[in-house]
Number of protein chains: 2
Amino acid sequence: MSPDGRRAKGALRRRALLEATLRVVGREGVAAVSQRAVAAEADVPPSAVLYYFPSVDSLLVTALREVNDRYCAELAAVTSLADLASHVARWATQDRDRVIAEYELWLLAARRADLRDELRRWDDAVDALAARLAPERAEVLAAALNGLYLRAATVGTTHTDAARVFDAVVVTSPSSKLGKSGH
Amino acid sequence: MSPDGRRAKGALRRRALLEATLRVVGREGVAAVSQRAVAAEADVPPSAVLYYFPSVDSLLVTALREVNDRYCAELAAVTSLADLASHVARWATQDRDRVIAEYELWLLAARRADLRDELRRWDDAVDALAARLAPERAEVLAAALNGLYLRAATVGTTHTDAARVFDAVVVTSPSSKLGKSGH
DNA sequence: GGGATTCTGGAGCGATCGCTCAGGTAGTGT
DNA sequence: ACACTACCTGAGCGATCGCTCCAGAATCCC
């Protein structure tokens, strides 16, 4: 192993560029990701972008893969429907920009054949979570989660909103919904 | 009323530009909408774009509003859950490009404050439909519809898939799902 | 016909894009 | 100190962007 100080510095800059890319996507969208915009956000010269990545596109793709990693990991760590509801509520309240950024990247993946596998990872993570939390209602839960995720990008969804929907998914009878809503 | 041939011709070109815009969005995404790209798609000179619309952006916004009109009208015409399921299935099979295009425009609206009302129209149309088809389960149905719509852009959802999810939304007991699945 | 209005479209300006490249800088091994 | 190598960067090229401008063609009103 050579603890080459040069390489270490380089790896640090590479990471800074990736995070700068995510910030730009969150703030202004995928379309705003350009060599110069990311460089300015990361406070490095524009040519550094194309030194660490073969193209601007590959930088974007790498950032997308990283976002997907984080999302899948977050879903994998969810332990219960109540836990899931609080995640959804947090997305809708604090992380709205992040949710929109993820949607933009998701849409990018939906359009490009070479990113199809990233879409699968996303879907598989959702399906696995749904199957784990509500085996008999997995399909509905997966659809509801995706739907709430979409709503989170639109308008503020509160914790009780999300919890109520998930309750309704697994409840034994719709009339029992009168039992309790606010936990 | 004056059947001015000049204005009639102009209105025709204006409409051709709008539909060309939607085709470009469907095929290559919002980012690909440029003065020259739309002009080429509509087979008019580039300067015509900025004659009929004050800016490229306003052309895009007008196209977005039109897409939203169509989507809301389509939802308003749905009569039953079975009907809704067949719509979802058709989106996923034949209209995948259109769905992706609508998502791109939806995302554009989610990011811009001046298009917030279009987002509301979208959500209201979904909520109204859900309340109409399943009054006691409106929230879940709305979330599930949004979730299926998202899945439609990803991977092929069949008619029975959608129907099964909607059945599960309104079914009285999850154990009754054993009754019939493949219909 | 004449004149006003509406539409058409080519030229081109300044800005930005992704990307290339030659040369400069800095850390490494001896 | 030295050459060596890996890392870094400013300048700039060709292409495209949104948009302006203006001269000409088409059409309606009189």
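Residues numbered from 1 in each chain as written. Chains lettered and ligands numbered in written order. Predicted model: local features only at pLDDT ≥ 70, side-chain atom pairs only at ≥ 80, totals over all residues.

1. Here we look at the UniProt feature "DNA-binding region" (unreviewed entry) in chain A
In the numbering used here, UniProt assigns the "DNA-binding region" (unreviewed entry) feature to residues 34-53 of chain A. Across residues 34-53 of chain A, the secondary structure splits into 75% helix and 0% strand, with the terminal C-alpha atoms separated by 13 Å. (UniProt positions renumbered as here; feature names shortened; annotations may be inferred. Helix = DSSP H or I, 4+ residues; strand = E, 2+ residues; numbered from the N terminus.)

2. Quick notes on the packing of helix 4 (residues 56-76) of chain B against helix 6 (residues 96-111) of chain B
Residue and element names in this part refer to chain B. Between helix 4 and helix 6, whose axes approach to 10 Å, the crossing angle comes to 115 degrees. As helix 4 runs across helix 6, the sense of the crossing is left-handed. For the pair helix 4 and helix 6, the contacting residues are Leu 64, Val 67 and Tyr 71 in the first and Glu 102, Leu 105, Leu 108 and Ala 109 in the second. The class makeup of the residues in the contact of helix 4 with helix 6 is 6 nonpolar, no polar and 1 charged. (Axes fitted to C-alpha atoms, helices over the stretch in contact; angles between N-to-C directions. Left-handed = near helix turned anticlockwise from the far one by under 90°. Contact = placed C-beta atoms within 7 Å. Nonpolar A, V, L, I, M, F, W, Y, C, P; charged D, E, K, R; others polar.)

3. Focus on the environment of Arg 14 of chain B
Residues and elements named next belong to chain B. Its place among the elements puts Arg 14 in helix 1 (residues 5-28). According to the C-beta neighbour criterion, Arg 14 is partly exposed, with 16 such atoms within 10 Å. As a C-alpha pair, Arg 14 and Ala 48 span 34 residues in sequence and 8.9 Å in three-dimensional space. (Buried ≥ 20, exposed ≤ 12 C-beta atoms within 10 Å, placed from the backbone.)

4. So, helix 5 (residues 81-93) of chain A
Relative to the 18 Å expected for 13 residues at 1.5 Å per residue, helix 5 of chain A spans 18 Å between its end C-alpha atoms, a close match to the ideal helical length. Listing the buried residues of helix 5 of chain A in full gives Leu 84, Ala 85, His 87, Val 88, Ala 89, Trp 91 and Ala 92 of chain A. (Expected span 1.5 Å × (residues − 1).)

5. As for the interface of chain A and chain B
Facing the 33 residues of chain A at the interface are 34 residues of chain B. Where the side of chain A that touches chain B is concerned, the elements lending two or more residues are helix 6 (96-111), helix 7 (116-133), helix 8 (138-154) and helix 9 (159-170) of chain A. In terms of residue count, helix 8 of chain A provides more of the side of chain A that touches chain B than any other element does, 13 residues in total. Across the side of chain A that touches chain B, the residue classes tally to 19 nonpolar, 6 polar and 8 charged.

6. Concerning the confidence of the model for chain A
Confidence in the prediction for chain A averages 86 pLDDT; 87% of positions are at 70 or higher. Taken as a whole, residues 173-183 of chain A scores under 50 in pLDDT and shows 12 contacts with residues more than four places along the chain or in a different chain. (pLDDT = per-residue confidence, 0-100.)

7. Observations regarding the relation of the copies chain A and chain B
After a rotation of 180 degrees and a shift along the axis of 0.0 Å, chain A superposes on chain B with an RMSD of 0.0 Å. Both copies of the chain, as the preceding transformation shows, are related through a two-fold rotation axis. The share of interface residues of chain A whose copies in chain B are also at the interface is 100%, consistent with both copies meeting through the same surface. (Least-squares fit on C-alpha atoms with pLDDT ≥ 70 in both.)

8. Regarding the UniProt feature "domain: HTH tetR-type" (unreviewed entry) in chain A
Using the residue numbers shown here, the UniProt feature "domain: HTH tetR-type" (unreviewed entry) corresponds to residues 11-71 of chain A. Between the C-alpha atoms that bound residues 11-71 of chain A there is a distance of 23 Å. The span itself is 80% helix and 0% strand.

9. Quick notes on the nonpolar core
Judged by nonpolar contacts, the single largest core of 109 residues is most densely connected at Ala 144 of chain A together with Ala 144 of chain B. Excluding anything up to four places from it in sequence, Ala 144 of chain A contacts Val 165, Phe 166 and Val 169 of chain A together with Val 140, Ala 143, Ala 144 and Gly 147 of chain B. (Core = buried A, V, L, I, M, F, W, Y, C linked by C-beta atoms within 7 Å.)

10. Quick word on the packing of helix 6 of chain A against helix 6 of chain B
Each pair of packed helices can be summarised by the angle the axes make with each other and by the distance between the axes. Two numbers describe how helix 6 of chain A lies on helix 6 of chain B: the axes approach to 11 Å, and their chain directions differ by 160 degrees. With respect to helix 6 of chain B, the axis of helix 6 of chain A lies roughly antiparallel. The crossing of helix 6 of chain A and helix 6 of chain B is left-handed. Between helix 6 of chain A and helix 6 of chain B, the residues in contact are Ile 100, Tyr 103, Glu 104, Leu 107, Ala 110 and Arg 111 of chain A and Ile 100, Tyr 103, Glu 104, Leu 107, Ala 110 and Arg 111 of chain B, respectively. The residue inventory of the contact of helix 6 of chain A with helix 6 of chain B, partitioned by class, reads 8 nonpolar, no polar and 4 charged. (Parallel < 35°, antiparallel > 145°, perpendicular 65-115°, else oblique.)

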